[in-house]
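Okay, here's what each chain looks like letter by letter:
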Amino acid sequence: MQRTWRRAALAASLSITGALGGLVAATPAQAETVPLELGLAVATDGTASTISGKAIVHGTVTCSQPTSVTVSGTVDQVVKKVLVRGRFDALVACTPGAPVAWTAAATPIDTTPFARGAAEVSTEASAYDAEYQRYVVYDTSIVDLVKS
């Protein structure tokens, strides 16, 4: 009788182990979380609108995960010995695999409009990474504005 009980206990143990083994094998491996990586590029050409006085700048962003990227910054230009400055913002739906284009218009803070010529563009790209909080990339570029 003791042998029967041992066989039944061994059979039950093997049955449970086999079932658990199947569950473990069927469970997919957990993906390791990787921090979000952002890339930012600012094009070296832009436009200065003769109608609105705004500077239009553009470029691309890249990302390692799908995310919304905020591109913001300032355009600074000296026009006839006057410093012209304007801020810009753009929201980009970034998907991994290829650069995603962005375009933004900087409105001059004062009455002097942006003009044809070199301008300094300071740009930052930021996105929220739930696992690692916020991620930001900075870039300062010289952009040649042409009249439009």
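A quick note: this is a predicted structure, and the numbers were derived from the prediction, not measured. (Residues numbered from 1 in each chain as written. Predicted model: local features only at pLDDT ≥ 70, side-chain atom pairs only at ≥ 80, totals over all residues. Heavy atoms only, no water.)

Here's the deal with the overall build of the chain
Part 1 of the reasoning: For the chain, the count of helices and strands is 1 helix and 8 strands.
Part 2 of the reasoning: Taken from the N to the C terminus, the helices and strands of the chain come in the order α-β-β-β-β-β-β-β-β.
Part 3 of the reasoning: A total of 148 residues make up the chain; the buried ones form 34% of that total.
Part 4 of the reasoning: Of all intrachain contacts in the chain linking residues separated by at least 6 positions in sequence, the fraction that spans at least 24 positions is 64%.
Part 5 of the reasoning: Carbon together with sulfur atoms contributes 58% to the accessible area of the chain, which is approximately 9,600 Å² in total. (Helix = DSSP H or I, 4+ residues; strand = E, 2+ residues; numbered from the N terminus. Buried < 20%, exposed > 50% of the residue type's maximum accessible area, 1.4 Å probe, protein only. Contact = heavy atoms within 4.5 Å. Areas by Shrake-Rupley, 256 points an atom, 1.4 Å probe, with all protein chains shown as cover.)

Topic: the state of the cysteines
Part 1 of the reasoning: Going through the model one piece at a time under the given rule, you end up with 1 disulfide.
Part 2 of the reasoning: Here Cys63 connects covalently by a disulfide to Cys94, the sulfurs 2.2 Å from one another. Here the S-S torsion is close to -110 degrees, and the disulfide linking Cys63 with Cys94 is therefore left-handed. Taken together, the residues span a long stretch of sequence, with Cys63 in strand β3 (residues 55–63) and Cys94 in strand β5 (residues 82–94) at a distance of 31 residues. (Disulfide = S-S within 2.5 Å.)

Overview of the confidence of the model for the chain
Part 1 of the reasoning: For the chain, per-residue confidence averages 82 on the pLDDT scale, and residues scoring 70 or more make up 78% of the total.
Part 2 of the reasoning: Contacts from residues 1–29, a stretch scored under 50 in pLDDT, to residues over four places away or in other chains number 0 contacts. (pLDDT = per-residue confidence, 0-100.)

Let's talk about the pairing of strand β2 (residues 45–48)
Part 1 of the reasoning: Burial along β2 is one-sided: Gly46 and Ala48 are buried, while Asp45 and Thr47, pointing the other way, are not.
Part 2 of the reasoning: Bridge count between β2 and strand β8 (residues 133–147): 4 bridges; the pairing is parallel. Residue pairing in the sheet places Gly46 in a bridge with Leu145 of β8.
Part 3 of the reasoning: Relative to β3, β2 runs antiparallel, the two being bridged by 2 bridges. Residue pairing across strands places Ala48 opposite Ala55, the latter belonging to β3.
Part 4 of the reasoning: The turn joining β2 and β3, which pair antiparallel and follow one another in sequence, is formed by 6 residues; a positive phi near 80 degrees is taken by Gly53. (Pairing = 2+ DSSP bridges.)

Things to note about the pairing of strand β1 (residues 38–42)
Part 1 of the reasoning: Taken across its 5 residues, β1 has 4 buried, putting it largely inside the fold.
Part 2 of the reasoning: Looking at chain direction, β1 and β3 are connected through 5 bridges and run antiparallel. Looking across to β3, one finds that Leu40 is bridged to Val61.

Quick word on the side chain of Asp129
Part 1 of the reasoning: Residue position: Asp129 is located in strand β7 (residues 117–129).
Part 2 of the reasoning: Among the residues examined, Asp129 registers a relative accessible area of 7% and is labelled buried.
Part 3 of the reasoning: Within the structure, the side chain of Asp129 is placed 2.7 Å from the backbone nitrogen of Leu36, a separation counted as a polar contact.
Part 4 of the reasoning: Other than its neighbours up to four places away in sequence, Asp129 contacts Val34, Pro35, Leu36 and Arg134. (Polar contact = N/O pair within 3.5 Å; in protein donor to acceptor, adjacent residues only side chain to side chain.)

Overview of the nonpolar core
Part 1 of the reasoning: Counting residues in each nonpolar core, the largest one holds 31 residues, and the members touching the most others are Val61, Val69, Val75, Phe88, Trp102 and Phe114.
Part 2 of the reasoning: Elements supplying a minimum of two residues to this core: β1, β3, β4 (67–79), β5, β6 (100–108), β7 and β8.
Part 3 of the reasoning: Here the element with the most residues in this core is β5; it accounts for 5 residues. (Core = buried A, V, L, I, M, F, W, Y, C linked by side-chain atoms within 4.5 Å.)

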